[in-house]
Amino acid sequence: MATVVENDIVLPEYVAYKPKVSDHVPEMLRDMAVAVEFPLSDEDRTAMETLSLKFDREGNCAGLAAPQIGISKRIIVFATPDTPELRIWRPDLSDVMSKTVWINPSYVGNEEAGFHADYEGCFSVEGVAGLVQRYKEIHYTAYNVDGEQLQGTIRGYLARLVQHEIDHLNGVLFSDMATNMIPMEEYRQMRLEAIARGYR
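As a starting point, this report considers the structure included with it. (Residues numbered from 1 in each chain as written. Predicted model: local features only at pLDDT ≥ 70, side-chain atom pairs only at ≥ 80, totals over all residues. Heavy atoms only, no water.)

**What to know about the pairing of strand β4 (residues 75-80)**
Along β4, six of the six residues are buried, which leaves the element largely enclosed by surrounding structure. With burial as the criterion, each face of β4 is covered, one bearing I75, V77 and A79 and the other bearing I76, F78 and T80. As defined by bridge partners, strand β3 (residues 63-65) adjoins β4 across three bridges and the pair is classed as antiparallel. By the bridge assignment, L64 is partnered in β4 with V77. Sheet analysis places β4 next to strand β5 (residues 97-109), joined by five bridges and oriented antiparallel. From the neighbouring strand, F78 faces β5, where its bridge partner is T100. (Buried < 20%, exposed > 50% of the residue type's maximum accessible area, 1.4 Å probe, protein only. Helix = DSSP H or I, 4+ residues; strand = E, 2+ residues; numbered from the N terminus. Pairing = 2+ DSSP bridges.)

**A few points about the sheet that holds β4**
Taking strand neighbours across the sheet as the criterion, the five strands line up as β3-β4-β5-β8-β9 in an open arrangement whose pairing is antiparallel. Taken across any chain shown, the strands that pair with only one partner, and hence form the sheet edges, are β3 and β9 (149-155). Each neighbouring strand pair of the sheet contributes to a mean axis angle of 40 degrees, computed without reference to strand direction. Pairing between β5 and strand β8 (residues 137-143): five bridges, direction antiparallel. (Axes fitted to C-alpha atoms, helices over the stretch in contact; angles between N-to-C directions.)

**Thoughts on the pattern of salt bridges**
Evaluated as defined, the whole model comprises twelve salt bridges. Here D56 and K99 are joined by a salt bridge, their closest N and O atoms 2.8 Å apart. Highlighted residues: D56 in helix α1 (residues 42-56) and K99 in strand β5, separated in sequence by 43 residues. Given a relative accessible area of 45%, D56 falls into the partly exposed group. Classification of K99 by relative accessible area gives partly exposed; the value is 36%. In this structure, R134 and E120 form a salt bridge, with 2.6 Å as the shortest nitrogen-oxygen distance. Placement of R134 in strand β7 (residues 125-135) and of E120 in strand β6 (residues 115-122) is noted, with a sequence separation of 14 residues between them. For the pair shown, R134 and E120 are each scored as buried. Bridged by salt links that share partners, the residues E120, R134, R160 and D167 form one connected network. (Salt bridge = Lys/Arg side-chain N within 4 Å of Asp/Glu carboxyl O.)

**Description of the side chain of S175**
Inspection of the secondary structure assignment puts S175 in the loop between α3 (156-169) and β10 (179-183). Side chain to side chain, S175 and Y17 meet in a polar contact 3.2 Å long. In this structure, S175 is in contact with Y17, V125 and M181, ignoring residues within four places of it in sequence. (Polar contact = N/O pair within 3.5 Å; in protein donor to acceptor, adjacent residues only side chain to side chain. Contact = heavy atoms within 4.5 Å.)

**Topic: the sheet that holds β10**
The antiparallel open sheet is built from three strands, whose spatial order is β6-β7-β10. Both outer strands of the open sheet, β6 and β10, are each paired with one neighbouring strand and no more. Ignoring strand direction, the axes of neighbouring strands in this sheet form an average angle of 25 degrees. Summarising the sheet, β6 and β7 pair through seven bridges and their orientation is antiparallel. Along β7, the bridge assignment pairs Y119 with L131. Strand contacts of α3: β6 and β7, with the helix running at about 55 degrees to β6, the strand carrying the most contacts. Set on the sheet, helix α4 (residues 184-198) makes contact with β6, β7 and β10; between it and β10 the angle comes to about 95 degrees.

**A short note on the nonpolar core**
Among the nonpolar cores identified, the biggest contains 16 residues, and L51, F55, L64 and I75 are the most heavily contacted of them. Looking at this core, the elements that each hand over two or more residues are α1 and β4. Per-element tally for this core: the top contributor is α1, with four residues. In terms of nonpolar packing, the next biggest core, distinct from the first, is built from 15 residues, I76, W102, I138 and Y140 among them. (Core = buried A, V, L, I, M, F, W, Y, C linked by side-chain atoms within 4.5 Å.)

Spelled out as structure tokens, the structure:
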């Protein structure tokens, strides 16, 4: 059931499927999300605020895309805090970024920088994690709330996270590309054990 929070915003449940139970993926997760026009409409501002609040209220969330909460808009939110735990679990963490909302983001991968395989999970793919190969480095283009264009190059885990979230806007799930799918419980245990070893 959706939860009502401050400012009269209702936080929707995740649009998700359970690959161990059914092959049916909701259309929202397969459709191309709609580009956002500037200046932002009240509807788009509400969509952005809803996504941001949903992100804030998750205990362990690296990023979210609007289609994951039933909003077909090209909006994502993410963060890569520079914490000891994250550096242990994601040793390729080189670039960090505080909580960020991007509108109409896109990226181009740098093939010359190579690829890296690592595990990913997702609120929209319930109960499993999988090994996904992604670009080590990407060049991104996005817009902020004021319609200002943002561009840059990011690497490592941050690049992986951005690729994952932008994939959602294009109807692509990590499970489409993943190998070695494992139960989410096993993935979480791997993470806990890796962090514990890192602190020894």
